[in-house]
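Chain and residue survey
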Amino acid sequence: MNSTHPPLLTLKDVGKEYKSRDMTSTEALRNISLNIVAGEILAIIGPSGSGKSTLLRIIAGLDKEFTGEINRVTASEKPSKKSLPSTGFVFQSPTLLPWRTVRKNTELGLEGSNLTRSEIDRRVDDLLALTGLADFSTAYPHQLSGGMQQRLSIARALAYDPPLLLMDEPFGALDYITREQLQDDLLRIWQNTGKTIVVVTHAVDEAAYLADRVCVLTSRPGKIRAIHDVPLPRPRTLDTKSSIEFAKFQGVLREELKDAGN
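If you're wondering where the values come from, they're calculated on a predicted model, not measured in any experiment.

**Side note on the nonpolar core**
The biggest cluster of nonpolar side chains holds 48 residues, and the ones touching the most others in it are Ile-41, Met-167, Val-214 and Leu-253. In terms of residue count, helix α4 (residues 146-158) provides more of this core than any other element does, 6 residues in total. The contacts of Met-167, once residues within four sequence positions are left out, are Leu-56, Val-90, Ile-154, Leu-186, Ile-197, Val-198, Val-199 and Val-200. Judged by nonpolar contacts, the second largest core, of 25 residues, contains Leu-9, Leu-29, Ile-36 and Ala-60.

As C-alpha cells, then:
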C-alpha cells in the first residue's frame, strides 16, 4: 500500500510545548515527521503521556499551537499548510447529544450544508445501514449499549464524507467482546468506504489487527521511535488473531513499547 498510494497528509518536524501559569514548559512532542498514506489504517501507540492524543488533535486542527508543518498533498496540488483535508473525529467516550435520536445525531454534521433533504436522508440511511443501526434510528443514546453508541459516533463522523477519520482510543472503554466486535465493524466500514484512518490505541493487539502500519512513540517528549509495516495479510479475521505471525508481531511491538518507555 505504501508504495502505490500517495500521501494524504505529511507532517514535518511537528512539535508541541505546553506552558503552565507559572510559565514553566512541558515538551509533549518533538520532531514528528510522518506521511499518512491515502487509504491506509495507521495506528499510533506509545507509553502513557507520550503525546498520542495531542498529535491526533494537531492533525485534526483542534490544536493549532504547534511548531513544524502539516501539509495536504494530492496529485493535483502542491503542499499547502492552509489546505488541510477535512477530518472526522471519534473520541474514546461518545460525545452524543442525549436529546437527539440516532438519526438526528448522525445528521448533525450535515446541518447547514448545501445538501438537499433527500440527499441528507439517503446519506444517513446508508450510514445507519453500514454501522448496523438502521433498526435503531428513532432510539436515543441512553437506549443504546456502549458499542452501539460508539457505532453512532463513527456514523456521525462519517456523515460529511471526510477523507480522513481520526480515532482516539475509540474502543478503550468497552469490554473485551464488544471491543473485538467493533474492531471487525471498523474494518468492514473501512473496506466499504476506503477512508484513511488514524487510530490511537493503548492495545498492541488492536494496533496489529487493524493497521497497515504502526507508529511507535517514545515517552515524553514523544518522538517517533519506529514505524512498522504490519506483516499480516488482509482481510483480517479471527484466524488472524490465532496465527503465529500475529503473536510474533505483537511481541515486536511490546518490545518497542518497553524500550520506548526507557
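**Quick word on the confidence of the model for the protein chain**
Averaged over all residues, the pLDDT of the protein chain is 90; the fraction at 70 or higher stands at 93%. This stretch, residues 75-85, has a pLDDT under 50; its non-local contacts, to residues over four places away or in other chains, come to 21 contacts.

**Digging into empty space enclosed by the protein**
As enumerated under the stated definition, the model contains 1 cavity of 30 Å³ or more in all. Counted as a void, the largest cavity has a volume near 40 Å³. Split by residue class, the lining of the largest cavity holds 4 nonpolar, 3 polar and 3 charged.

**Quick look at the sheet that holds strand β9 (residues 213-217)**
Here 6 strands make up an open sheet; going across it, the order is β6-β7-β8-β3-β9-β10 and the pairing mixed. The open sheet terminates on both sides in strands that have one partner only, identified here as β6 (87-90) and β10 (224-229). Strand-to-strand twist across the sheet, computed as the mean angle between neighbouring axes with direction ignored, equals 15 degrees. Here 5 bridges tie strand β7 (residues 164-168) to strand β8 (residues 196-200), and the two strands are oriented parallel to one another. Each bridged residue has a counterpart across the sheet, and for Leu-165 the counterpart in β8 is Ile-197.

**As for the pattern of salt bridges**
A side chain of one charge can pair with a side chain of the opposite charge if their charged atoms are brought near each other. A full pass over the atoms with the stated rule returns 18 salt bridges. Notably, a salt bridge pairs Arg-103 with Asp-125, separated by 2.3 Å at the nearest N-O pair. Residue Arg-103 is located in helix α2 (residues 102-107), and its partner Asp-125 is located in helix α3 (residues 117-130); the two are separated by 22 residues in the primary sequence. In this structure Asp-125 comes out as partly exposed when scored by relative accessible area, which is 39%.

**Description of the packing of aromatic side chains**
To describe a pair of aromatic rings, you give the distance between the ring centres and the angle between the ring planes. With the rule as written, the count across this model stands at 1 aromatic pair. Here Lys-16 stacks its cationic end above the ring of Tyr-18, 4.9 Å away from the centre of that ring. In this structure, Lys-241 packs its charged tip against the face of Tyr-209, placed 4.2 Å from the ring centre.

**Re the environment of Leu-108**
Tracing the backbone through its elements, the reader meets Leu-108 in the loop between α2 and α3. Assessed through its relative accessible area of 29%, Leu-108 is described here as partly exposed. With 150 residues separating them along the chain, Leu-108 and Lys-258 place their C-alpha atoms 42 Å apart. When sequence neighbours within four positions are dropped, the list of residues in contact with Leu-108 reads Leu-97, Arg-100 and Arg-156.

**Focus: α4**
Turn by turn, an α-helix covers 3.6 residues, leaving residues three or four places apart pointing in a common direction. With 13 residues, α4 should reach 18 Å at 1.5 Å per residue; the first-to-last C-alpha distance of 19 Å fits that figure. In terms of residue burial, α4 counts as a mostly covered element, since 11 of its 13 residues are buried. Among all positions of α4, only Gly-147, Met-148, Gln-150, Arg-151, Leu-152, Ser-153, Ile-154, Ala-155, Arg-156, Ala-157 and Leu-158 are buried. As for α4, its buried residues are in contact with β6, α2, α3, β7 and α5 (176-193).

**A word on the pairing of β8**
Counting buried positions along β8 yields 5 of 5 residues, so the element is predominantly enclosed. Residues Thr-196, Val-198 and Val-200 of β8 are buried on one face, and the alternating residues Ile-197 and Val-199, pointing to the opposite face, are buried as well. Taken together, the 4 bridges between strand β3 (residues 41-45) and β8 define a ladder with parallel strand orientation. Considered in β8, the bridge of Ala-43 is made with Val-199. Regarding the hand of the β-α-β motif, the stretch spanning β7, α5 and β8 is right-handed.

Basis of the calculations
Residues numbered from 1 in each chain as written. Predicted model: local features only at pLDDT ≥ 70, side-chain atom pairs only at ≥ 80, totals over all residues. Heavy atoms only, no water. Core = buried A, V, L, I, M, F, W, Y, C linked by side-chain atoms within 4.5 Å. Buried < 20%, exposed > 50% of the residue type's maximum accessible area, 1.4 Å probe, protein only. Helix = DSSP H or I, 4+ residues; strand = E, 2+ residues; numbered from the N terminus. Contact = heavy atoms within 4.5 Å. pLDDT = per-residue confidence, 0-100. 1 Å grid on protein atoms, 1.4 Å probe; cavity = no way out; pocket = protein on both sides within 12 Å on 5 of 7 lines; lining within 4 Å. Points joined across faces, edges and corners; volume = space filled by probe spheres on them. Nonpolar A, V, L, I, M, F, W, Y, C, P; charged D, E, K, R; others polar. Pairing = 2+ DSSP bridges. Axes fitted to C-alpha atoms, helices over the stretch in contact; angles between N-to-C directions. Salt bridge = Lys/Arg side-chain N within 4 Å of Asp/Glu carboxyl O. Phe/Tyr/Trp six-rings, centres within 6.5 Å; stacked < 30°, edge-to-face > 60°. Lys NZ or Arg CZ within 6 Å of the ring centre and 35° of its normal. Expected span 1.5 Å × (residues − 1). Right-handed = clockwise from strand over helix to strand, strands pointing away.

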